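Fold and contact review
For reference, the chains in residue letters:
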2 protein chains.
Amino acid sequence: MEEFVIKTENLYEGKIVNLKIETVELPNKKYSKREIVEHPGGVGVVPITEDGKVVLVKQFRIATGKTLIEIPAGKLEPNEEPKETAIRELKEETGYSTENIKFLKEFYVSPGYCTEKINVFLATDLVAGDQNLDENEFLEVLELPLEQAYEKIETGEITDAKTIIGITFAMLEKGFNE
Amino acid sequence: MEEFVIKTENLYEGKIVNLKIETVELPNKKYSKREIVEHPGGVGVVPITEDGKVVLVKQFRIATGKTLIEIPAGKLEPNEEPKETAIRELKEETGYSTENIKFLKEFYVSPGYCTEKINVFLATDLVAGDQNLDENEFLEVLELPLEQAYEKIETGEITDAKTIIGITFAMLEKGFNE
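Worth saying up front: this structure is predicted, and the values here are computed from it rather than measured.

Observations regarding the relation of the copies chain A and chain B
- Rotating chain A by 180° and translating it 0.0 Å along the rotation axis places it on chain B, where the RMSD comes to 0.0 Å. This pairing of chains is accounted for by a two-fold axis. It is A:Val109 whose C-alpha, among those of chain A, lies nearest the rotation axis, at 2.6 Å.
- In this assembly, 100% of the residues forming the interface of chain A have copies in chain B that are likewise at the interface, indicating an isologous arrangement.

As structure tokens, this is what we get:
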């Protein structure tokens with residue numbers, strides 16, 4: 001069932017994504033073109049405070065035209081391990097530091113055309129400190145009991161893939177029936 | 001916290017995605033540029049057979065360089081309701097027809113730069129029939145007990161966001177403890 005890349009046309013190289021058109025040879029030996037959005041990959045972190053709250057960020061997302069509630073997240077920098085990215089982004093966006101980071105899940109956001117893979121981690125033993133946002137980053141930190149955050153998935157108030165996956169598996173991790 | 005679009009530069013219009021650079025006015029009144037991947041949105045379907053199996057598709061995804069196991073899925077055609085897309089794609093990719101489609105969850109795949117929103121449905125009362133694949137579509141249909149599919153999420157063998165979300169919420173829907 002495999003496809004093979006015959007030719008790559010680089011259409012755009014940007015800060016967040018690159019766009020390429022790949023000519024592929026199909027299993028039936030015919031050629032076809034595939035639009036590929038290249039992304040370095042990212043992380044999401046489900047940070048849980050000592051009293052069982054999850055630390056979330058609210059930010060306006062121009063691609064959706066809405067303010068979304070998400071887990072802290074960011075993209076991988078060159079040569080950075082996902083775990084390091086998770087620790088760095090958690091600190092930058094929420095001020096919390098930790099060394100206690102546990103892998104939860106990894107997934108492709110939309111494998112039909114996009115290379116982005118997100119690693120989601122669970123972070124505990126949080127130590128409060130100062131945020132360190134990028135110059136053009138505006139967000140509000142929000143702490144909610146994990147169960148309340150999960151309810152926002154059920155009601156459709158949380159609509160971000162990494163946040164749905166992170167919170168749901170953090171809940172499953174500790175058992176829904178505790 | 002909102003941002004406002006000041007200028008839009010259309011860089012590419014394709015079959016699956018468009019690429020735009022938006023100049024936005026930030027909350028601090030400064031300007032910044034945002035790379036936006038525009039996608040019409042898609043659906044995923046968790047089709048459950050009478051004997052409790054979930055119908056999955058295996059296909060090679062050039063963006064990941066791998067063959068992935070996914071729920072049947074596809075993108076919205078112009079003026080198509082997500083429910084119609086779900087029924088159409090289920091039939092095209094697996095041969096199964098149904099009118100019994102229930103909304104499970106909707107999510108943005110990567111709201112930092114991408115407009116794609118996926119609606120995931122649960123499909124039951126399946127009637128077997130013939131597949132009707134697109135000319136350049138090659139996939140293998142696979143039926144697994146729902147619990148076995150969920151195990152493949154736990155082991156990391158299933159790594160597609162819509163498939164993780166669809167199967168997990170289909171499991172939660174029927175109760176993990178049945």
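The rest of the description comes next.
Details of the interface of chain A and chain B
- Between chain A and chain B, the contact holds 67 residues from the first and 67 residues from the second.
- Buried area between chain A and chain B, summed over both chains or domains, comes out near 5400 Å², and the portion from carbon and sulfur atoms is 64%.
- Between the two partners, chain A and chain B, sit two salt bridges.
- Among the ionic pairs, B:Lys30 bridges to A:Glu135, the shortest N-O distance being 3.6 Å.
- Where chain A meets chain B, there are 24 residue pairs in polar contact (both at pLDDT 80 or more).
- For the side of chain A that touches chain B, the secondary structure elements donating two or more residues are β1 (4–13), β2 (18–25), β3 (31–38), β5 (53–61), β6 (66–70), β8 (100–108), α2 (146–154) and α3 (161–174) of chain A.
- Looking at which element gives the most residues to the side of chain A that touches chain B, the answer is α3(A), with seven residues.
- Among the residues forming the side of chain A that touches chain B, the class breakdown is 33 nonpolar, 14 polar and 20 charged.

Describing the pattern of salt bridges
Residue and element names in this part refer to chain A.
- In the structure shown here, the tally under the stated rule is 28 salt bridges over all chains.
- A salt bridge links Lys 162 to Glu 70; the nearest nitrogen and oxygen atoms lie 2.8 Å apart. Here Lys 162, found in helix α3, pairs with Glu 70, found in strand β6; they are 92 residues apart in sequence, far enough to count as distant.
- Connected through salt bridges with shared partners, the residues Arg 61, Glu 70, Asp 160 and Lys 162 form a single ionic network.

Quick look at the domain arrangement of chain A
All names here are of chain A.
- Annotation of chain A at the domain level lists domain 1 (4–38) and domain 2 (42–172).
- Residue-level contacts link six residues of domain 1 with four residues of domain 2.
- In total, about 400 Å² of surface goes out of reach between domain 1 and domain 2, with carbon and sulfur atoms giving 62% of it.
- If you look at where domain 1 meets domain 2, you find two residue pairs in polar contact (both at pLDDT 80 or more).
- Considered class by class, the residues forming the side of domain 1 that touches domain 2 number three nonpolar, no polar and three charged.

A closer look at the pairing of β3(A)
Residues and elements named next belong to chain A.
- In this sheet, β3 lies alongside β2 in antiparallel orientation, the contact comprising eight bridges. Its bridge partner being in β3, Lys 20 is matched across the sheet by Ile 36.
- As consecutive antiparallel partners, β2 and β3 are separated by five residues, and within that stretch Lys 29 has a phi angle of approximately 75°, a positive value.

Quick word on the environment of A:Gly42
All names here are of chain A.
- Of note, Gly 42 is situated in strand β4 (residues 42–47).
- Overall, the relative accessible area of 4% leaves Gly 42 in the buried class.
- Taking the C-alpha atoms as reference points, Gly 42 and Leu 76, 34 residues apart in sequence, are found 5.2 Å from one another.
- Apart from the residues within four sequence positions on either side, Gly 42 is in contact with Gly 74, Lys 75, Leu 76, Glu 116, Lys 117, Ile 118 and Asn 119.

Quick notes on the sheet that holds strand β5 (residues 53–61) of chain B
All names here are of chain B.
- What the three strands build is an open sheet, ordered β6-β5-β10; its pairing is antiparallel. Of all strands in the sheet, those with a lone pairing partner are β6 (66–70) and β10 (140–145), marking the two edges. Neighbour-to-neighbour, the strand axes of the sheet open up by a mean angle of 30°, direction not taken into account.
- Relative to β10, β5 is paired through six bridges, and the arrangement is antiparallel.

A look at the side chain of B:Thr49
Residues and elements named next belong to chain B.
- Structurally, the position occupied by Thr 49 is in the loop between β4 (42–47) and β5.
- Given the relative accessible area of 11%, Thr 49 is considered buried.
- Apart from residues no more than four positions distant in its own chain, Thr 49 is found in contact with Val 55, Tyr 96, Leu 126 and Glu 143.

What counts as what
Residues numbered from 1 in each chain as written. Chains lettered and ligands numbered in written order. Predicted model: local features only at pLDDT ≥ 70, side-chain atom pairs only at ≥ 80, totals over all residues. Heavy atoms only, no water. Least-squares fit on C-alpha atoms with pLDDT ≥ 70 in both. Contact = heavy atoms within 4.5 Å. Buried area = accessible area lost by both parts, 1.4 Å probe. Salt bridge = Lys/Arg side-chain N within 4 Å of Asp/Glu carboxyl O. Polar contact = N/O pair within 3.5 Å; in protein donor to acceptor, adjacent residues only side chain to side chain. Helix = DSSP H or I, 4+ residues; strand = E, 2+ residues; numbered from the N terminus. Nonpolar A, V, L, I, M, F, W, Y, C, P; charged D, E, K, R; others polar. Domains from an automatic or database assignment. Pairing = 2+ DSSP bridges. Buried < 20%, exposed > 50% of the residue type's maximum accessible area, 1.4 Å probe, protein only. Axes fitted to C-alpha atoms, helices over the stretch in contact; angles between N-to-C directions.

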